[in-house]
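Structure at a glance
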Amino acid sequence: MCSCDLVMSVRFAKGLGMGMWMAPNMSATLSTVGRGDLGSMSAFLNLVRNVGTVIGQALATAIIAGIMLSRGVEVQLNELADSTDPNVTGAFLDGWSLTFLVFAAVTAVPLFAALRTNLYTGDLDQKNRNREFNSSCLPPELAPHSSFASHLLDNEPAMQANRRNQWATSTA
């Protein structure tokens, strides 16, 4: 098995694992907040994911460039594919090896913490799921109308049915 096949299989497994983890994690996290806070919490989760991705890419690049510079290899990263110098290739691969080890260690810490966490598996009652609309996310001039906003959110399925009926009669 060549190293290219190994890298591709590891990246496939990582992508599969992230895909299988991301949707249930987002769903479990969003199920703990009220309806009025879903947008804010969803945006926050996406922000954390994107910041983590950016920091991870920057850290990987810094480690690889640091290893290459410590070995006296001064080549632009976009010129690596054309390089025939074994010192350049060796320094680059050693940088990636260290990067994978660092990321494995960084991943082990939250994995251990997650395994030690007691998971709440009870069902949230309906009252908790449909909490009062949080008026703190509204501008001050709309805050007195938070009960109206809560009424709209609670009657959302009925409002959607009315919109569908209006659309059906307007297109007929």
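Quick notes on the rules
Residues numbered from 1 in each chain as written. Predicted model: local features only at pLDDT ≥ 70, side-chain atom pairs only at ≥ 80, totals over all residues. Heavy atoms only, no water. Helix = DSSP H or I, 4+ residues; strand = E, 2+ residues; numbered from the N terminus. Buried < 20%, exposed > 50% of the residue type's maximum accessible area, 1.4 Å probe, protein only. Contact = heavy atoms within 4.5 Å. Axes fitted to C-alpha atoms, helices over the stretch in contact; angles between N-to-C directions. Parallel < 35°, antiparallel > 145°, perpendicular 65-115°, else oblique. Left-handed = near helix turned anticlockwise from the far one by under 90°. Nonpolar A, V, L, I, M, F, W, Y, C, P; charged D, E, K, R; others polar. Phe/Tyr/Trp six-rings, centres within 6.5 Å; stacked < 30°, edge-to-face > 60°. Expected span 1.5 Å × (residues − 1). Polar contact = N/O pair within 3.5 Å; in protein donor to acceptor, adjacent residues only side chain to side chain. Core = buried A, V, L, I, M, F, W, Y, C linked by side-chain atoms within 4.5 Å. Patch = residues over 30% accessible without salt bridge, like charges linked within 9 Å, V, L, I, M, F, W, Y side chains within 5 Å. Areas by Shrake-Rupley, 256 points an atom, 1.4 Å probe, with all protein chains shown as cover. Salt bridge = Lys/Arg side-chain N within 4 Å of Asp/Glu carboxyl O.

**As for the overall build of the chain**
Within the chain, the regular secondary structure consists of six helices and zero strands. Overall, the chain shows an N-to-C arrangement of helices and strands of α-α-α-α-α-α. In the chain, buried positions account for 12% of the 172 residues. Once local pairs closer than 6 in sequence are excluded, the contacts in the chain between residues at least 24 apart make up 47%.

**A short note on the packing of helix 1 (residues 3-30) against helix 2 (residues 38-70)**
Where helix 1 contacts helix 2, the two axes come as close as 10 Å, and the packing angle between them is 140°. By the angle between their directions, the pair helix 1 and helix 2 is classed as oblique. Note on packing geometry: the crossing formed by helix 1 with helix 2 is right-handed. On the side of helix 1, the interface is formed by M22, M26, T29 and L30, while helix 2 contributes L38, M41, S42, L45, N46 and R49. When grouped by side-chain class, the residues that make up the contact of helix 1 with helix 2 number six nonpolar, three polar and one charged.

**A word on the packing of aromatic side chains**
With the rule as written, the count across this model stands at two aromatic pairs. With 6.5 Å between their ring centres and 85° between their planes, F92 and W96 make a pair best called edge-to-face. Of this pair, F92 and W96 both sit in helix 3 (residues 86-116), four residues apart, which is roughly one turn of the helix. Among the residues examined, F92 registers a relative accessible area of 24% and is labelled partly exposed. Aromatic rings pair up to connect F92, W96 and F100 into one cluster.

**Structural notes on the packing of helix 2 against helix 3**
The contact between helix 2 and helix 3 brings their axes to 8 Å, and the two run at 140°. When the axis of helix 2 is compared with that of helix 3, the two are oblique. The handedness of the crossing between helix 2 and helix 3 is right-handed. The residues of helix 3 that touch helix 2, namely those facing G56, L59, A60, I63, I64, I67 and M68, are V88, A91, F92, D94, G95, W96, L98, T99, V102 and F103.

**Points about helix 3**
For helix 3, built from 31 residues, the straight-helix expectation of 45 Å at 1.5 Å per residue is met to within 8% by its first-to-last C-alpha distance of 45 Å. Considered for burial, the residues of helix 3 that qualify are V88, A91, G95 and T99. Its buried side turned inward, helix 3 meets helix 2. Capping of helix 3 at its N-terminal end is provided by D85; its side-chain oxygen lies 3.1 Å from the backbone amide nitrogen of N87.

**A closer look at helix 2**
The terminal C-alpha atoms of helix 2, which comprises 33 residues, lie 48 Å apart, in line with the 48 Å expected from a rise of 1.5 Å per residue. Contact partners of the buried residues in helix 2: helix 1 and helix 3. Backbone geometry just downstream of helix 2 places G72 in the positive-phi region, at approximately 80°.

**A closer look at the nonpolar core**
I64, M68, V73, L80, V88 and A91 together form the largest nonpolar core, which totals six residues. The set of elements that each furnish at least two residues to this core consists of helix 2 and helix 3. With near-sequence residues (within four places) excluded, V73 lies in contact with M68, N87, V88 and A91.

**Concerning a nonpolar patch on the surface**
A contiguous nonpolar surface patch, about 470 Å² in accessible area, is contributed by F44, L47, V48, V51 and I55. Residue placement: I55 occurs in helix 2. In this structure I55 comes out as exposed when scored by relative accessible area, which is 54%.

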